[in-house]
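# Reading the structure
Here are the chains, one letter per residue:
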Amino acid sequence: MAIGEWILIALMCFWCVESKYIVYNTTSKTVPGKLNVHLVAHSHDDVGWLKTVDQYYVGSNNSIQGACVQNVLDSLVPALLADKNRKFFYVEQAFFQRWWRDQSEIVQETVKQLINSGQLELINGGMCMHDEATSHYIDMIDQTTLGHRFIKQVFNVTPRIGWQIDPFGHSAVQAYLLSAEVGFDSLFFARIDYQDRAKRKDEKSLEVVWRGSKSLGSSAQIFTGAFPENYEPPSNFYYEVNDDSPIVQDNIELFDYNVPERVNEFVAAALSQANITRTNHVMWTMGTDFKYQYAHTWFRQMDKFIHYVNQDGRVNALYSTPSIYTDAKYATNEAWPLKTDDYFPYADRINAYWTGYFTSRPGLKGYARTMSSYYLAARQLEFFKGRSKVRPNTDSLADALALVQHHDAITGTSKQHVADDYAKRLSIGYEEAAKVVETSLASITRSSSKTNSGSPMTKFQQCLLLNISYCPPSEVDLPNGKKLVVVVYNPLGWKRKDVIRIPVIDENVIVKDSGGKEIESQLLPLQNASLAIRNYYSVAYLGKFPSVTPKYWLAFSASAPPIGFNTYFISRVKRPVVAAPSKSQVVYSSEEKQNDVIEVGPGDLKLVYSANKGKLIRYINSRTTVKESVGQSYSFYRGADNIQQASGAYVFRPNGTYSTKSDGQGSFTVFRGPLLDEVHQRINSWIYQITRVYKGKEHAEFEFTVGPIPINDGMGKEVVTQISTHMKTNRTFYTDSSGRDFIERIRDYRKDWNLEVNQPVAGNYYPINLGMYLKDDSKELSILVDRSVAGSSIKDGQLEIMLHRRLLHDDGRGVAEALNETVCVQNKCSGLTIVGKYYLRIDPLGEAAKWRRSFGQEIYSPFLLAFTEQEGDEWANFHVLSFSGMDPSYVLPDNVAMITLQELDDGKVLLRLAHLYEIGEDKDLSVMASVQLEKVFANKKINKVTEMSLSANQGRAEMEKKRLVWKVEGASGEAPKVVRGGPVDPATLVVELAPMEIRTFVIDFN
């Protein structure tokens, strides 16, 4: 035979080998009696972190990180179509909805088929994977609702699984409220304390039944799984393009054939995980950050593993999802360990407590909280006017707020340019929502019986920058006859009275109520410290210097009906030469060096100061007879710059405590008046404090101005304030969970394991959204806050909150930037200055919850102010001066808040009512409450009321029928029956709420 013929035959054989097609058997389901390895394919896609949300979506700015979510979702569709057994689940709706809107009808129909068949599953379902430490529960509900209702409307699907894999610790509110109450059957995450994880591995207790609420107990429990290490695949099983894990090379004609080795490694990893997991089911999270950009690279390898591992037969591998895994766990009828309280704080290794982010970027945290309360009020006003089918509406602010709840956004753990992007989105959302507020108020105040139909609508203005003393609508000259009209809107369901302060340029002004009666007011001098911030930040944020300089704050007491407004009029008046009694009087200045003791407060509450030292020394309430020695101070921790673990955006690692020195600029001044007294203290060149005590209020308000924090000494600083007493508190204090329940904390102690203390400060820090408190055998000391902060009780009788952080080193957790925020004007940059507030009160034991709960709602939902001007009595004659959205004779019970009132796109209304008290928290108010819907909606005729799940994507009754009831180990599983509010009788339309219950309704009006 000729040589050429031999070559031809050889080539034909080679071609035969090349054309051999292997059909991989991926049909496997769970197998009883065998270890089942559930391969769950996922991509964890941060809606902003190192890049902005839009950069991540389109794949730009790849010099920072090569990530493109568009590619992930684009490549998934053909990869899933290639094999009907393949499965994938997706989480972040902010990305999915962007992508969905970009698709053709053909692709959209294909995606619907993939979802209907179970190949593609949408889980968690919120716009983002929200944080659980620094997000407020109302924001968590809103962003989840936004995603869940889209999924229901477009796909008729209700997500079953909570997938909070990356937040840095986990809150009780996430367990019972944002999991059980939205209809989830299970909740999964990765980040728990390294000491806790080690113990749970030994005890096979990574998977538990979590009862996060002592009030709702077993009625709101959730099956919960913490992963053995992280949310990534086992080591050596990564298959993104260019990943270095060994592939399954199964072509025996080629070199490096490795099927036996890869199967052995798979089985070994599965058995290792089985040794720390109960039942014969383990889950492998096949994916991590921004993976599946070319999905075939993952599915090709998983096809092979399923095929060859099942041929081997020692374990069973299958394509799965967290839903399938949950059902398999439930079917085993296993009894699970019980978990209560929460998973804070989180440390991933020794000396690395992720408690710094509780305070990181306090400006963004404060902005998010302000916009959250504004969104709540704006939706109410939008409902009263009637939602517009076209813009402006509140949707843009809803989207921006949803993104900001992401666990790298409100946490302060993104890069600076990404944090700027979040703030920009909030600003854009506010501008549009402000138009809704202004047009709604113009419509409501326009009296159909009084107003000429041809007269123009009133143009209102608002003041977002009141915190820096900037309010152009109130800083106007009022010539004779002209009046400033102030509409004061109250978003709460209770009647409310509070002191309003606005900057004015003229001291000769009076305030009248809607009946024309002059009301008590007070002028307070606008200090240089406030003016400096006002001037700098108005230029930084608005690009212009203020056109006028106000001299005073005008303070007056305003009241407003529930979910309604009252109107006030400010006008100029000629005063006699004699000093007006309303003007604040300077009674002490540190320059005078007096040595007397100063008592401050025009009402029952008195704060006593040492004038010589310029320090608070005593708290006295004459009504309650509470007297307590109290001190307040500032200090800072030096941020560790240790190369092994520095203090940074995530991690708080202090390296020494330093008291704040006056640096020669300390001062102490008191202003008195009929409505409030103020104590002004210049602590040092970069800390200024105003303490206010109001007539008729029994708490002290501390307004702090911190910054720019100096770093010219090469030292990063983490600034704290302490309230110190002689109370004997036995290492115990209480902090809120996401603004809702309070959880007992014990210093240097964990209920679930024997804590090895290596960071006595950072390891005792907890997230604070509402407040924290101490108690002894006779008193309770409470602090409430205006934004998320970190807090603790490092010493008995003392509470400490961290207000601001400026650091010089990255902490090695991926953001690759030091937390060093600056604000620039004309190319000159200085460190960020923060203006914020916290509030202090001491009550007799057992009487403090009323203040924490009721005033906590007032902090979250302050009065909304809108301004316009009028000539003479024109406004009063032709406009509605007082309004309540409810029956004028009705108010909500003291223990109930309306946390959502929103007109939906279909004209129906979404209503949420929340009981504010825990079981046993207050002797009078921890009881069943009732709300009369006919009086809440007195001006409308209710046609139908449908109770929904918390995220309003399914009927409550339907959700309860589907709920999985998990067994709990031991006697602890036999929980007492929980009492909840009963069904709403369509005849009486009365809603009952049990302690800590939130009920959600969709209401259809005739």
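Small disclaimer: the values here were computed from a predicted structure and weren't measured.

Cut-off values and rules
- Residues numbered from 1 in each chain as written.
- Predicted model: local features only at pLDDT ≥ 70, side-chain atom pairs only at ≥ 80, totals over all residues.
- Heavy atoms only, no water.
- Helix = DSSP H or I, 4+ residues; strand = E, 2+ residues; numbered from the N terminus.
- Rg over C-alpha atoms; globule rule 2.2 N^0.38 Å.
- Buried < 20%, exposed > 50% of the residue type's maximum accessible area, 1.4 Å probe, protein only.
- Contact = heavy atoms within 4.5 Å.
- Disulfide = S-S within 2.5 Å.
- Pairing = 2+ DSSP bridges.
- Axes fitted to C-alpha atoms, helices over the stretch in contact; angles between N-to-C directions.
- Expected span 1.5 Å × (residues − 1).
- pLDDT = per-residue confidence, 0-100.
- Core = buried A, V, L, I, M, F, W, Y, C linked by side-chain atoms within 4.5 Å.
- Polar contact = N/O pair within 3.5 Å; in protein donor to acceptor, adjacent residues only side chain to side chain.
- Phe/Tyr/Trp six-rings, centres within 6.5 Å; stacked < 30°, edge-to-face > 60°.
- Lys NZ or Arg CZ within 6 Å of the ring centre and 35° of its normal.
- Parallel < 35°, antiparallel > 145°, perpendicular 65-115°, else oblique.
- Left-handed = near helix turned anticlockwise from the far one by under 90°.
- Nonpolar A, V, L, I, M, F, W, Y, C, P; charged D, E, K, R; others polar.
- Lys, Arg positive; Asp, Glu negative; His and termini not counted.
- Salt bridge = Lys/Arg side-chain N within 4 Å of Asp/Glu carboxyl O.

## A few points about the overall build of the protein
Looking only at helices and strands, the protein features 19 helices and 50 strands. Taking 30 Å as the expected radius of gyration for a compact globule of 1006 residues, we find that the protein reaches 31 Å, a close match to that expectation. By its C-alpha atoms, the protein is 125 × 65 × 65 Å across when sized along the principal axes. Within the protein, the proportion of its 1006 residues that are buried is 62%. Within the protein, contacts between residues separated by at least 24 positions form 76% of all contacts whose residues are at least 6 apart in sequence.

## Observations regarding the state of the cysteines
Summed over all chains, the structure comprises 2 disulfides. At a sulfur-sulfur separation of 1.9 Å, the disulfide partner of Cys463 is Cys471. Measuring handedness by torsion sign, the sulfur bridge of Cys463 and Cys471 sits at about 60 degrees and is right-handed. Taken individually, Cys463 and Cys471 each receive the classification buried, so the pair is uniform in this respect.

## Notes on the sheet that holds strand 15 (residues 496–504)
One open sheet holds the 3 strands; their spatial order is 15-19-18, and the pairing between them is antiparallel. Taken across any chain shown, the strands that pair with only one partner, and hence form the sheet edges, are strand 15 and strand 18 (521–525). This sheet shows a mean twist of 30 degrees between the axes of neighbouring strands, independent of strand direction. Alignment of strand 18 against strand 19 (residues 552–560), held across 5 bridges, turns out to be antiparallel. Directly across from Gln522, in strand 19, lies its bridge partner Ala555.

## Here's the deal with helix 16 (residues 849–860)
Along an α-helix, a turn takes 3.6 residues, which lines up residues three or four apart on a common side. Between the first and last C-alpha of helix 16 there are 16 Å, a value that for 12 residues agrees with the 16 Å anticipated at 1.5 Å per step. Most of helix 16 sits out of view: 10 of its 12 residues are buried. Burial in helix 16 covers these residues: Ala849, Trp851, Arg852, Arg853, Phe855, Gly856, Gln857, Glu858, Ile859 and Tyr860.

## A look at the confidence of the model for the protein
Atomic detail in the predicted coordinates should be set aside for any region of low pLDDT. A residue-level look at the protein finds 94% of positions with pLDDT of 70 or above and a mean pLDDT of 93. The low-confidence segment residues 1–17 (pLDDT under 50) makes 4 contacts with residues lying over four places distant or belonging to another chain.

## A few points about the sheet that holds strand 5 (residues 186–189)
The mixed open sheet is built from 5 strands, whose spatial order is 4-5-7-6-11. Where the open sheet ends on each side, the last strands, each with one partner, are strand 4 (161–163) and strand 11 (338–339).

## Concerning the nonpolar core
A general feature of soluble globular proteins is that nonpolar side chains tend to end up buried together. Counting residues in each nonpolar core, the largest one holds 141 residues, and the members touching the most others are Phe96, Phe266, Tyr292 and Phe299. Ignoring anything within four residues of it in the chain, the contact list for Tyr292 reads Ala41, His42, Asn71, Val72, Ser75, Phe88, Glu240, Met286, Gly287, Trp298, Phe299 and Met302. Ranked by size, the runner-up nonpolar core spans 98 residues in total, among them Ile141, Val182, Phe184 and Ile942.

## A few points about the pairing of strand 7 (residues 222–226)
The buried fraction of strand 7 amounts to 5 of the 5 residues, a majority that puts the element mostly inside the structure. Neither face of strand 7 is left uncovered, since the one carrying Ile222, Thr224 and Ala226 and the one carrying Phe223 and Gly225 both have all their residues buried. As defined by bridge partners, strand 5 adjoins strand 7 across 4 bridges and the pair is classed as parallel. Across the sheet, Ser186 pairs through a bridge with Phe223, a residue of strand 7.

## Structural notes on the environment of Trp753
Note on placement: Trp753 falls in the loop between strand 33 (741–746) and strand 34 (766–768). Measuring from C-alpha to C-alpha, the distance between Trp753 and Ala198 comes to 9.7 Å, with 555 residues separating the pair along the chain. Every residue in contact with Trp753, bar those within four places of it in the chain, is listed here: Asp193, Gln195, Asp196 and Lys199. Among the polar contacts listed, one links the side chain of Trp753 to the side chain of Gln195, at a separation of 3.1 Å.

## Examining the packing of aromatic side chains
For the coordinates displayed, the defined rule picks out 60 aromatic pairs. Seen in terms of ring centroids, Phe383 and Phe937 are 6.0 Å apart; in terms of plane orientation they differ by 85 degrees. Their pairing is edge-to-face. Remark: Phe937 occurs in the loop between helix 18 (933–936) and strand 47 (942–948) and Phe383 occurs in helix 12 (residues 362–385); sequence separation between them is 554 residues. Residue classification places Phe383 among the buried positions, given a relative accessible area of 6%. One aromatic cluster is present, formed by Phe88, Phe237, Tyr239, Phe266, Trp284, Tyr292, Trp298, Phe299, Phe305 and Tyr319 through successive ring pairs. The residue whose ring lies beneath Lys717 is Phe636, and the NZ or CZ to ring-centre distance is 5.6 Å.

## Quick notes on the side chain of Arg379
With respect to the element layout, Arg379 can be found in helix 12. On the accessibility criterion, Arg379 (1% relative accessible area) is buried. Not counting the four nearest positions on each side in its chain, Arg379 is found in contact with Asp142, Thr394, Ile899, Thr900, Leu901 and Gln902.

## A look at the packing of helix 12 against helix 13 (residues 395–404)
Relative orientation of the contacting elements helix 12 and helix 13 amounts to 140 degrees, with a least axis distance of 10 Å. The angle between helix 12 and helix 13 places the two elements in the oblique class. Remark: the crossing between helix 12 and helix 13 carries left-handed chirality. The segment helix 12 lies against helix 13, with Ala368, Met371, Ser372, Tyr374 and Tyr375 engaging Leu397, Ala398, Leu401 and Val404. Here the contact of helix 12 with helix 13 is built from residues that sort into 8 nonpolar, 1 polar and no charged.

## So, the side chain of Arg740
Positionally, Arg740 belongs in the loop between strand 32 (732–737) and strand 33. For the buried Arg740, no salt bridge is present, and the opposite-charge side chain at shortest range is Asp741, 5.0 Å distant. A distance of 3.2 Å separates a polar side-chain atom of Arg740 from the backbone oxygen of Met996. Non-local contacts of Arg740, meaning those with residues more than four positions away in its chain, are made with Tyr137, Val173, Tyr176, Leu177, Arg853, Ala914, His915, Leu916, Met996, Glu997 and Ile998.

## Details of unusual backbone geometry
Pro345 follows Phe344 through a cis peptide bond whose omega is -10 degrees. Within the secondary structure layout, Pro345 lies in the loop between strand 11 and strand 12 (347–349).

## Brief notes about helix 6 (residues 137–155)
Between its terminal C-alpha atoms helix 6 stretches 26 Å, which fits the 27 Å expected from 19 residues at 1.5 Å a residue. Of all the 19 residues making up helix 6, 15 are buried; the element is thus mostly covered by neighbouring parts of the structure.

## Description of the environment of Glu744
Among the secondary structure elements, Glu744 is positioned in strand 33. On the basis of relative accessible area, Glu744 is assigned to the partly exposed category, the value being 47%. Residues Glu744 and Phe733, spaced 11 residues apart in sequence, show a C-alpha to C-alpha distance of 6.0 Å. Beyond its immediate chain neighbours, meaning those up to four positions away, Glu744 contacts Thr732, Phe733 and Tyr734. In terms of polar contacts, Glu744 uses its side chain to reach the side chain of Tyr734, at 3.4 Å.

## Remarks on the pairing of strand 20 (residues 564–572)
Counted residue by residue, strand 20 has 8 buried out of 9 residues, so it is predominantly covered. Inspection of the sheet shows strand 14 (residues 482–490) paired to strand 20 by 8 bridges, in the antiparallel sense. Looking at strand 20, one finds that Val486 is bridged to Tyr568. By the bridge criterion, 4 bridges tie strand 16 (residues 509–512) to strand 20 in an arrangement that is antiparallel. Counted as the bridge partner of Lys512 is Phe569 from strand 20. Direction of pairing for strand 20 relative to strand 43 (residues 882–884): antiparallel, over a ladder of 3 bridges. Looking across to strand 43, one finds that Phe565 is bridged to Phe883.

## So, the environment of Leu318
Within the secondary structure, Leu318 is located in strand 9 (residues 316–320). On the accessibility criterion, Leu318 (2% relative accessible area) is buried. With 193 residues separating them along the chain, Leu318 and Val511 place their C-alpha atoms 73 Å apart.

## Points about the packing of helix 4 (residues 93–102) against helix 5 (residues 105–117)
Where helix 4 contacts helix 5, the axes come no closer than 8 Å and their chain directions differ by 135 degrees. The angle between the axes of helix 4 and helix 5 places the two elements in the oblique class. Only Val107, Gln108, Val111 and Lys112 of helix 5 make contact with helix 4, whose side of the interface consists of Phe96, Trp99 and Trp100. Taken together, the residues that form the contact of helix 4 with helix 5 break down as 5 nonpolar, 1 polar and 1 charged.

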